[in-house]
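Coordinate inspection notes
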Amino acid sequence: MTLKTTLSLGLAAGLMVGGAAQAQTEIEFWHAMGGQLGETVNQLVADFNASQSDYVLTPVFKGTYEETLTAAIAAFRAGEQPNIVQVFDAGAATVIGAQGATIPVQQLLSENGVEFDIEDYIAGVRYFYADSDGQMIGMPFNSSTPILYYNADALEAAGVEPPTTWEEFAEVTGPALLESGIAPLAQSHLPWIFTENFFSRHNLQFASNNNGYDGTDTEIMVNHPAIRAHFQALADWQEAGLFNWYGTGWGDNQNPFEAGEVAMWLGSSGSFGGIADRVDFNFSATMLPYWEGVTTEPTQTFIGGAALFAMSGFDAEENAATAAFFDYLDSVDAQVMWHTETGYVPITTAAYAAAGEQGHYEAFPAAEVGIQQLSLPAGDYTRGYRMGFYVQIRDVMNREYSRILTGEATVDEAFEIIEAEANDLLERFAQTQG
Amino acid sequence: MKRAAFGHIGFPILLLLPQLVIIAIFFYWPAAYAVQSSFYAQDMFGFTSTFVGAENYTRLIDSTNYINALNFTVIFTVLVTFFSLGIALLLAVKADKVIRGAKTYRTLLMWVYAIAPPVAGLIGVMLFDQSRGNITQLLAFFGYEYRLGVNYWDTASAMIVVSVWKQIPVNFIFFLSGLQAIPQSVREAAMIDNRSGTSRFWDITFPLLAPTGFFLLIINITYSLFDTFGIIDTIVKGEPGNNPLTLVYRVYVDGFRGGDLGGSSAQSVVLMVLVLILTIVQFRFLERRIHYT
């Protein structure tokens, strides 16, 4: 269906060029949004094409995030790159490290006369895809952050409120839910939710060099007592029946929540739309819990998801077209449409306000939780992280966390391995950067 | 053979040229490139490239993770090859004896051959799914909690079962035609000499099937090593985690998913050498004991 739509859009674009003015500039956009999200991307692009007559943008679905990035890089090496490519959070270091492969979005916009003020963006969104000077390199596109979804019916039956701290979960919420005959907790992405955002939520340093933003000779600082204690607690909760783990797959962990077998699930704020379509119980969401024993002033989390990068190697006219699309994407209308259709957070404060005025959050209070969490006070280590070979580092984390939760390794052993292998990968990445 | 068939040396070379060009472009050139890049650390965009000597190889030897994948690949290959050959042979021998409705029966047995590996993997995922899988529910009925994607060997067994299932029809077709190529007179003569069906099979039928079996052995080992990629990818859902991985899948994970071109190239060179050794061993030692008629 996506292919069909893409084809027909492409065809329509072709016809428009053939029939109408020859002055139209055609540009290409490679993305990784399949299914329902892909339809929304196509809609967004169609709206852009209809909003002006100078440029025609063609969206192309390229598979998963990893496949899209690999395809774009291979195309770049062959000189056939798209004008715009969607790159996910863990791939950011690869793209941003390759200076000359992309044009920083801030530079692109100002060169093409588009006003740019980083303060227009929601706090947690601003600096994840920026360089060490705070210049925005990639335009945040589908942005989400981990939040706690809960089955309101199940919590009511057990007579508890959603927890704000992990202490509360361990002592009150978890045992009460277990007592009432439902599994209390599951989550879908241990590296993202319980590692990267764990550090951000507690304002702990995740890596040297300012979380990796200031250089490539970075060392990961993942082997921290607070996170080791967290994983020890997870293993204990699993033993006691308070926490269920269904493997590394995202959906395997989300399904039991949607089936009503698990009362609370940690997932992406972007999961909101899908859950609302599928479940028949009352659900809502709240912010990611924190450990009161670690901090009494929890900080914001940062965005996950992906950003759009303008690739280099095009003439001024095509770059102007890319800038025009980015400008359109930042507009309140486009942001509100994207936010309400998909559940991803709006990236500008203006769009957030507009969605509020339309009454979106009165109808769906859970849709606002992610934005509120991204707008919490910032700390020294809450802007994100920048580490090379991060896809593999996440793979190492997933492997070792699996070993903890299947009883193959102790928490201390696992974290020593993660630290050693991640630092080895970072060192290798530094080598590839010359 | 008459050597005078071609008047000039240029003509046969010209005839061979298309084939040689194809091999050079699709095999020698990429292989040489892989060997070269296995000695470098390269950024994905190809902007910088640093010579690192044999470091990409020494890292592999030191990596327990890589050694685990190597061990699993050996176990996986042995089991998949053994079971897909064994079951296919059994089915072929039995199908050979069927007289009524033979064609329908054989067609049904070959059907699975038409399924693409990712589709086979997807069917496997559905059968073995943690909460909804039929086989999971069956095992739960017998008191075993089967957890695909959580328990290492549970996941491994799903990969092996699906891979075997997918490969049986190919082996079946070859074994069946091999059986049908055995002359009726030989069988009748054997029947006079020996009344036991089992020993007739091992003394007469099996040796006569050996050329087919040897060919299938190579095909099956190659299948287990390389063609099961789609099945493994679907079963692990693109997230390696703590799941069992074969060497080929690791090449993909590190190279295409992770962007480590040098390390990934080193792995494919190792794989290339392993397959080369395996093939030499097979042809040198095994083939000598097989008699073609």
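Anything mentioned here points back to the structure above.
Residues numbered from 1 in each chain as written. Chains lettered and ligands numbered in written order. Predicted model: local features only at pLDDT ≥ 70, side-chain atom pairs only at ≥ 80, totals over all residues.

1. Focus on the pairing of strand β5 (residues 139-144) of chain A
Residue and element names in this part refer to chain A.
- Most of β5 sits inside the fold, with six of its six residues counted as buried.
- Taken together, the five bridges between β5 and strand β10 (residues 304-311) define a ladder with antiparallel strand orientation. Counted as the bridge partner of Ser144 is Gly304 from β10. (Buried ≥ 20, exposed ≤ 12 C-beta atoms within 10 Å, placed from the backbone. Helix = DSSP H or I, 4+ residues; strand = E, 2+ residues; numbered from the N terminus. Pairing = 2+ DSSP bridges.)

2. What about the sheet that holds strand β9 (residues 283-286) of chain A?
Residue and element names in this part refer to chain A.
- Reading across from one edge, β7-β8-β6-β9 is the order of the four strands in this open sheet, with mixed pairing throughout. Each of the sheet's edge strands pairs with one partner strand only, and the pair in question is β7 (183-187) and β9. Averaged over all pairs of adjacent strands, the angle between their axes in this sheet comes to 25°, without regard to strand direction.
- Direction of pairing for strand β6 (residues 146-151) relative to strand β8 (residues 262-268): antiparallel, over a ladder of five bridges. Bridge pairing in β8 places Pro146 opposite Ser268.
- In the packing of helix α12 (residues 250-258) onto the sheet, contacts are made with β6, β7 and β8, and the angle to β8 comes to roughly 140°.
- Its contacts with the sheet place helix α18 (residues 366-374) against β6 and β9, and it is angled at close to 5° to β9. (Axes fitted to C-alpha atoms, helices over the stretch in contact; angles between N-to-C directions. Contact = placed C-beta atoms within 7 Å.)

3. Some details on the nonpolar core
Residues and elements named next belong to chain A.
- Counting residues in each nonpolar core, the largest one holds 136 residues, and the members touching the most others are Val87, Leu148 and Tyr149.
- Ranked by residues supplied to this core, first place goes to helix α19 (residues 390-405) with eight residues.
- Two domains each put at least three residues into this core: domain 1 (2-144 + 304-366) and domain 2 (146-301 + 388-432).
- In this structure Tyr149 touches Phe257, Met264, Trp265, Gly267, Ile275, Phe283 and Ala285, once residues within four positions along its chain are discounted. (Core = buried A, V, L, I, M, F, W, Y, C linked by C-beta atoms within 7 Å. Domains from an automatic or database assignment.)

Geometric values such as these leave the question of function open.
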